Amino acid sequence: MSTLLSVRELTMRFGGLTAIDQLSLEVPASKITGIIGPNGAGKTTLFNCLTGFYKPTTGTLRLNHPDRGEIRLESLPSHRVARDAQVVRTFQNIRLFPKMTVLENLIVAQHNVLQRASKFSIAGIFALPGYRKAEGEAMARAGTWLHRLNLEQFADHAAGDLPYGIQRRIEIARALCVNPVLLCLDEPAAGLNPRESAELNELLLYLSGELGIAILLIEHDMSVVMNVSDHICVINYGRKIAEGSPEKVQNDPHVIKAYLGEDDEDEASGGIAA
Amino acid sequence: MAYALQQLINGLTLGSMYGLIAIGYTMVYGIIGMINFAHGDIFMVSAFIAVTAFTLLAAADVSSIPLALTFVLIVSIFFTSAYGWAVERIAYRPLRGSTRLAPLISAIGMSIFLQNTVQLTQGARVKPIPPVIEGGFEVWSTPDFTVQVGWSQLLIIVITVIMMFAFTWLITQTPFGRQQRSCEQDRTMASLLGINVDRTISFTFMLGASLAAVAGVMVTVYYGVIDFYIGFLAGIKAFTAAVLGGIGSLPGAMLGGLLIGLIESFWSAYLWAEYKDVATFAILCLVLMLRPSGLLGRPEVEKV
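Residues numbered from 1 in each chain as written. Chains lettered and ligands numbered in written order. Predicted model: local features only at pLDDT ≥ 70, side-chain atom pairs only at ≥ 80, totals over all residues. Heavy atoms only, no water.

**Side note on the pairing of strand 10 (residues 239-244) of chain A**
Okay, step 1: Pairing of strand 9 (residues 231-236) of chain A with strand 10 of chain A, which is carried by five bridges, proceeds in the antiparallel orientation. When the bridges of strand 10 of chain A are listed, A:Asn236 appears paired with A:Arg239. (Pairing = 2+ DSSP bridges. Helix = DSSP H or I, 4+ residues; strand = E, 2+ residues; numbered from the N terminus.)

So, in structure tokens, the structure goes:
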């Protein structure tokens, strides 16, 4: 099992607040790694560090890119994280381009390929053959994902007008259009009904199992995390408190303590059985 | 009736120029949410570049008018967009992420700097150029008034229409337009999808500046005189046009420009010509009081 991303002693401070404290973590290739922890544990901050949105105070984020070798994510500006490292994320609160159509949202995500083909818009302006071919490919890729995520009938709708559950799927489809090697999903099941979250499980397993995309998954919905994750890392107050298979983590006394609080009477025995 | 038709033509000519400048305001506002107060002076600089280019052509004895105009347009667009780029680089980019007021002040600083540079290097007097396009044709003749359309007016309206179509196409159909719109709607997300937001913002400033350059060339051709101070008034009027049409909306900027042009020329013709600026600014006040989102702008609904 090869390691795709290795986080080493990552620390992120905001003034006096330490959001992430000496966190080390390995993300294996082609597997689903779940990140769980109570609210405010630093999960989203980790994503923000990964995607160049925050510059970590200290620590390294090494991505072992299958084609491009080692890439240090902490030193890349955020637009190059998607372009060069092919690491892409979704947001807890959906961030589609609301006034664009669903298809346009998916094409924008592929603009690097398009821009290279269009020689920075000059060929695009005159619609030269090379550019048109690239655009055709971009459309085809967008079409594939729309089909796979069952979004075809919404292709020409303005993204902002669609229902929540569908916007979630569009966000994942758009992230997939970047051709990610690492897909970071921030609470993708939030607000989904049970049927939709079952579909999400199936999709995540397909992406990692069939396509070999590594997934880093922040999720509070345990029916999703426990069912799909190969490996789970539990964070509390910016520190890793437990790690391992879903079964192991579920029964870890530290995890139970973090989630349920400490029970006075059972303090000596180290927690309660969940 | 004939007189009104003449005012309509004059107003459309004037409005075309305001509209072209207004697009620069509205685009920059759309992408960074701030007014570029140096934009009027970018327009003024472009007029000076146009005069310089015309003078050079005259010295080189170029007599073909279409050739001369094309050359002047290209030169003016090229250099003016470089100015637009520089304004963004100097007055906006270093202050991105600071308080909203800071870049506003630095843009006003750029505006003063540009005005004074031009005043020092080109002199404070008005700069005349010999008429480039003369004559016109009669559209309608009544016993007491003859409606005339100057060739230069026709040219201005035609070029504006062409620029509008080209521009709409650029924004809606090309990869650059898609990037521009995505940065406008969510800059962070655009960046996370691999779009170089800094470069897109630079391009936006350059595009706005190149449309202002087209307006600058038109002013030179139409009026034949310019001075270092024309950017202020034209800038504020184009800003009014952008607000009237709905700041952030491209068709709105064009519509607002045309309306301001028409109102100005009808006001001058039928009321008091010396108070035409009052009319424009009264409109700005009214729009801000009664419909701050403008004619085509949609009010921003903030979801929590």
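**A closer look at the pairing of strand 7 (residues 182-186) of chain A**
Residue and element names in this part refer to chain A.
Okay, step 1: In terms of residue burial, strand 7 counts as a mostly covered element, since five of its five residues are buried.
Okay, step 2: As defined by bridge partners, strand 6 (residues 87-89) adjoins strand 7 across three bridges and the pair is classed as parallel. Bridge pairing links Val87 to Leu182 in strand 7.
Okay, step 3: Viewed along the sheet, the connection from strand 7 through helix 8 (residues 194-209) into strand 8 (residues 214-218) turns out right-handed. (Buried < 20%, exposed > 50% of the residue type's maximum accessible area, 1.4 Å probe, protein only. Right-handed = clockwise from strand over helix to strand, strands pointing away.)

**What to know about the interface of chain B and chain A**
Okay, step 1: If you look at the interface, chain B gives 23 residues, while chain A gives 31 residues.
Okay, step 2: Buried surface at the junction of chain B and chain A, both sides included, amounts to about 2,500 Å², of which 59% is carbon and sulfur.
Okay, step 3: Of all residues in chain B, B:Arg178, B:Leu192 and B:Leu193 give up the largest surface area on contact with chain A, accounting jointly for 28% of the area buried on that side.
Okay, step 4: A salt bridge links B:Asp186 to A:Arg95; the shortest N-O distance between them is 2.8 Å.
Okay, step 5: Taken together, the elements giving at least two residues each to the side of chain B that touches chain A come down to helix 5 (151-173), helix 6 (175-185) and helix 7 (187-192) of chain B.
Okay, step 6: Broken down by element, the residue count for the side of chain B that touches chain A peaks at seven residues, all from helix 6 of chain B.
Okay, step 7: Of the residues in the side of chain B that touches chain A, the class split is nine nonpolar, nine polar and five charged. (Contact = heavy atoms within 4.5 Å. Buried area = accessible area lost by both parts, 1.4 Å probe. Salt bridge = Lys/Arg side-chain N within 4 Å of Asp/Glu carboxyl O. Nonpolar A, V, L, I, M, F, W, Y, C, P; charged D, E, K, R; others polar.)

**Notes on the confidence of the model for chain B**
Okay, step 1: On average, residues of chain B carry a pLDDT of 84, and 98% of them reach 70 or more.
Okay, step 2: Predicted complex metrics record ipTM = 0.71 and pTM = 0.78. (pLDDT = per-residue confidence, 0-100.)

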